[in-house]
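# Summary of the model geometry
Take a look at the letters that make up each chain.
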Amino acid sequence: MSTLRIVYHYALARGLRKWKTREELERWQERQILRHIGRVRVQSPFYREWWRDADAATWRSFPIIDKKIMMRHFDQLNTVGISKDEAMALAGESEDTRDFKPSVQGITVGLSSGTSGNRGLFLVSEREQDAWTGTVLAKLLPGGLWKPAKIAFFLRANSNLYESVQRGKLQFQYFDLLEPVHSLVKRMEEYRPTVWVAPPSMLRMLADAYQAGSLTAIPDKIISVAEVLDPLDRKVLERVLGQTIHQVYQCTEGFLGATCRLGTLHLNEDIVHIEKEFIDPASRRFVPIITDFSRTSQPIIRYRLNDILTEADVPCDCGSPFTAIERIEGRCDDTLYFSHLHTREDVPVFPDFITRAVIAASADLEHYRVVQRRDGSLEIALRLGEGGDPVQVKAEVQRQLLKLGERLECAVPQTDYVPYTFEPGMTKMRRVERQHT
């Protein structure tokens, strides 16, 4: 691993490269993408065939890919000669043994969580790993390369990619979400990290441990990863821990976003270009189509994600030209459907609508989960704080849902209330979810 390369990318992400206007940024992106397409066309048999003889300047009209296409053509798409079977075998063995250090030909192999039932593979070269490390240190850590920091990283699977953050004054410990919570809390109390990086569901458990007194040290920075940061979780965490909860937007397809010093999530448009496929222009909701011009081992060009993002309606006060995101709502697959009162047609109900309706029901709400079953009915789980009246809160949730139904001219499906349960592990927390056949 090259320290010089890490320092170089750290300096770039910290602002060595500046754009005075959005237009300047977009012109620079265009140049990077055109050069990148030229390289990929030579190195990737899949993309060479996929684009045929189309002019690179027309890249915005190139056919879109997604996870299914990427996985189907994995062997021909990647440029490092690693087969899907070889990569899957290594990633599977790492998951079983919990030893995530092995690589193939110096290439780090990782496996996505596969919450949609379609697990994805990612490949990262040493050069790309250095670039990722430098960018992460610049965007996320309070003191960057120069200030000592102790990082606690909670994930379902470790990776050489994450371990690479540990350099010089930076200490890193991986906390496996498959371990019992009490064991994780005990390790945290002994380690006393200055940076917490964890899914919101785990952060809530750490906040509970802090309130109970079994965890006594508060970090300098808290970063939410891997799961959607729900407004309720953000509110509780910031109240209990007394600081802004930052976010990372990262998936198999790249390091897509991070919060600025003010806590606003911005797209990482210095390493990725993101087209907005609007699904509800009035509310600024869109599906991102990614072109990552920083990766060549596994090129990601015009790749449609399954996420719903809401663009901020005003620029962030931090002054960044990068697009500000109001909220990541979750997956397109988790949009619920209610029946229209008159036409009986299915009407999409975005996860944010459901979240707002439930949270508005009571200040005593500590946890919730809404699942639309395969038959269209709703299953709602609630956990209230001490003193909360379950009967009253359920009635208010129902009232809020009926109010939402009236606004959308929809009938609210049959609703059943069940006890709230959730344990961290291989399953990601999804506050609003639609079951699929």
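In what follows, the accompanying structure is described. (Residues numbered from 1 in each chain as written. Predicted model: local features only at pLDDT ≥ 70, side-chain atom pairs only at ≥ 80, totals over all residues. Heavy atoms only, no water.)

## Considerations on the overall build of the protein chain
Rules: Helical segments are the DSSP runs of H or I of at least four residues, strand segments are the runs of E of at least two, and each set is numbered from the N terminus. Each residue is assigned to one of three classes by its accessible area relative to the maximum for its type, calculated with a 1.4 Å probe on protein chains only: buried under 20%, partly exposed between the two thresholds, exposed over 50%.
When helices and strands are counted, the protein chain shows 13 helices and 21 strands. In the protein chain, which comprises 437 residues, the proportion classed as buried is 55%.

## Quick word on the packing of helix 12 (residues 351-359) against helix 13 (residues 390-408)
Where we set the bar: Axis definition: a line fitted to C-alpha atoms, limited for helices to the stretch in contact. Angles are taken between N-to-C directions and run from 0 to 180 degrees. Each angle is binned into one of four classes, with values under 35 degrees roughly parallel, values over 145 roughly antiparallel, values of 65 to 115 roughly perpendicular, and all other values oblique. Two helices that cross are described as forming a left-handed crossing if the nearer one is turned anticlockwise from the farther one by less than a right angle, and a right-handed crossing if clockwise. We call two residues in contact whenever any of their non-hydrogen atoms come within 4.5 Å of each other. Residue type decides the class: Asp, Glu, Lys and Arg count as charged, Ala, Val, Leu, Ile, Met, Phe, Trp, Tyr, Cys and Pro as nonpolar, and the leftover types, Gly among them, as polar.
Taken N-terminus to C-terminus, the directions of helix 12 and helix 13 make an angle of 140 degrees; their axes are 8 Å apart at the nearest point. As judged from the angle between their axes, helix 12 and helix 13 are oblique. Between helix 12 and helix 13 the crossing geometry is right-handed. Residues Phe353, Ile354, Ala357 and Val358 of helix 12 lie in contact with helix 13, whose contacting residues are Val397, Gln400, Leu401, Leu404 and Leu408. Tallied by class, residues from the contact of helix 12 with helix 13 come to eight nonpolar, one polar and no charged.

## Looking at helix 7 (residues 126-140)
Counted only if it meets this: In this scheme, a helix's expected span is set at 1.5 Å multiplied by one less than its residue total.
Helix length check: helix 7, at 15 residues, gives a terminal C-alpha distance of 21 Å against a target of 21 Å (1.5 Å per residue), a fit within 8%. With 13 of its 15 residues buried, helix 7 lies for the most part within the structure.

## Points about the nonpolar core
This is how the line gets drawn: Buried Ala, Val, Leu, Ile, Met, Phe, Trp, Tyr and Cys residues that are joined via side-chain atoms within 4.5 Å together make up what is termed a nonpolar core.
Ranked by size, the top nonpolar core spans 52 residues in total, and within it Tyr47, Tyr249 and Phe255 carry the most contacts. Tallying contributions element by element places helix 2 (residues 22-43) first for this core, with five residues. When neighbours within four sequence positions are excluded, Phe255 is seen to be in contact with Trp132, Thr135, Val136, Lys139, Leu140, Val248, Tyr249, Gln250, Asn268, Ile271 and Val272. Counting 51 residues, the second largest nonpolar core, distinct from the first, contains Leu184, Ala209, Phe350 and Ile354.

## A short note on a negative patch on the surface
Cut-off, in case you're wondering: Put simply, a patch holds well-exposed residues, over 30% relative accessible area, that have no salt bridge, with like charges counted together within 9 Å and Val, Leu, Ile, Met, Phe, Trp or Tyr side chains within 5 Å. Computed by Shrake-Rupley with a 1.4 Å probe, the accessible areas treat only the displayed protein chains as cover when residues are assessed. The term salt bridge refers to a pairing of a side-chain nitrogen on Lys or Arg with a carboxyl oxygen on Asp or Glu at a separation within 4 Å. For this count, His and the chain ends are skipped, Lys and Arg are scored as positive, and Asp and Glu as negative. The atoms used to mark charge sites are NZ of Lys, CZ of Arg, CG of Asp and CD of Glu.
A cluster of like negative charges, contributed by Asp208, Asp364, Glu366 and Asp389, occupies part of the molecular surface. On the secondary structure map, Asp364 appears in the loop between helix 12 and strand 17 (365-372). According to the relative accessible area criterion, Asp364 is partly exposed, its value standing at 33%.

## A word on the sheet that holds strand 16 (residues 346-349)
Formally: A pair of strands counts as paired when DSSP detects no fewer than two bridges linking them.
Taken in spatial order, the three strands of this open sheet run 16-15-19, and their pairing is antiparallel. Looking at which strands have only one partner, the edges of the open sheet turn out to be strand 16 and strand 19 (410-411). Pairing analysis gives two bridges linking strand 15 (residues 336-340) to strand 19, with the strands arranged antiparallel. Paired with His340 across the strands is Cys410, a residue of strand 19.

## Considerations on the pairing of strand 17
Counting buried residues along strand 17, six of its eight residues qualify, which places the element largely inside the surrounding structure. Pairing between strand 17 and strand 18 (residues 378-384): seven bridges, direction antiparallel. Within strand 18, the position partnered with His367 by the bridge is Arg383. As consecutive antiparallel partners, strand 17 and strand 18 are separated by five residues, and within that stretch Gly376 has a phi angle of approximately 95 degrees, a positive value.

## Section: the side chain of Arg327
Selection rule: What qualifies as a polar contact is a pair of N or O atoms within 3.5 Å, subject to a donor-acceptor requirement within protein and to the restriction that residues adjacent in sequence count only when both atoms come from side chains.
Within the secondary structure, Arg327 sits in strand 14 (residues 324-331). At 2.6 Å, the side chain of Arg327 and the side chain of Asp352 are in polar contact. Those residues in contact with Arg327 that sit more than four places away from it in its chain are Val228, Leu229, Asp230, Pro231, Ile308, Leu309, Thr310, Asp352 and Thr355.

## Thoughts on the environment of Gln29
Tracing the chain through its elements places Gln29 in helix 2. You can call Gln29 buried: its relative accessible area is 2%. Taking the C-alpha atoms as reference, Gln29 lies 7.1 Å from His273; in sequence the two are 244 residues apart.

## Topic: the pairing of strand 6 (residues 221-224)
A regular strand places its side chains so that they alternate between the two faces of the sheet. Definition in use: When the strands point away from the viewer and the path from the first strand over the helix to the second turns clockwise, the crossover is right-handed.
Burial along strand 6 is two-sided: the face carrying Lys221 and Ile223 and the face carrying Ile222 and Ser224 are both buried. Note that strand 6 and strand 7 (residues 245-251) share three bridges and pair parallel. Residue pairing for strand 7: Ile222 is matched across the bridge by Ile245. The β-α-β motif built from strand 6, the intervening helix 11 (residues 231-241) and the parallel element strand 7 has right-handed crossover chirality.

## Brief notes about empty space enclosed by the protein
In plain terms, the rule: Cavities and pockets are defined on a 1 Å grid built over the protein atoms alone: a cavity is a set of grid points where a 1.4 Å probe fits but cannot escape, while a pocket is an open set with protein on both sides within 12 Å along at least five of seven lines, and lining residues are those with an atom within 4 Å of any such point. Grid points are joined across faces, edges and corners, and a volume is the space filled by probe spheres set on the points.
Using the criterion set out here, one finds two cavities of 30 Å³ or more in the structure. By volume, the second largest cavity amounts to about 30 Å³. As for the second largest cavity, its lining consists of Met188, Glu189, Arg192, Pro193, Trp196, Leu215, Thr216 and Ala217. Across the lining of the second largest cavity, the residue classes tally to five nonpolar, one polar and two charged.

## Describing the packing of aromatic side chains
Applicable threshold: Ring geometry is summarised as follows: Phe, Tyr and Trp rings, the Trp one being its six-membered ring, pair when their centres sit within 6.5 Å, and such pairs are stacked at plane angles under 30 degrees, edge-to-face over 60 and tilted between the two. Remark: a charge is flagged as sitting over a ring if the NZ atom of Lys or the CZ atom of Arg is within 6 Å of the ring centre and within 35 degrees of the ring normal.
Scanning the model with the defined rule gives twelve aromatic pairs in all. With a centroid separation of 5.7 Å and an interplanar angle of 75 degrees, the aromatic rings of Phe350 and Phe353 are classed as edge-to-face. On the basis of relative accessible area, Phe353 is assigned to the buried category, the value being 17%. Here the aromatic residues Phe46, Tyr47, Trp50, Trp51 and Phe62 are joined through ring pairs into a cluster of three or more. The side chain of Arg407 reaches across the aromatic face of Phe353, ending 5.4 Å from its centre. The positively charged end of Arg431 is found above the aromatic ring belonging to Tyr368, 5.4 Å away from the centroid.

## Remarks on the packing of helix 9 (residues 181-191) against helix 10 (residues 200-212)
One can describe the packing of helix 9 onto helix 10 by two numbers: an axis separation of 11 Å at closest approach and a directional angle of 70 degrees. Taken together, the axes of helix 9 and helix 10 are roughly perpendicular relative to one another. The element helix 9 and its partner helix 10 pack so that their crossing is right-handed. Here Val181, Leu184, Val185 and Met188 of helix 9 come into contact with helix 10, specifically with Met202, Met205, Leu206 and Ala209. Taken together, the residues of the contact of helix 9 with helix 10 break down into eight nonpolar, no polar and no charged.

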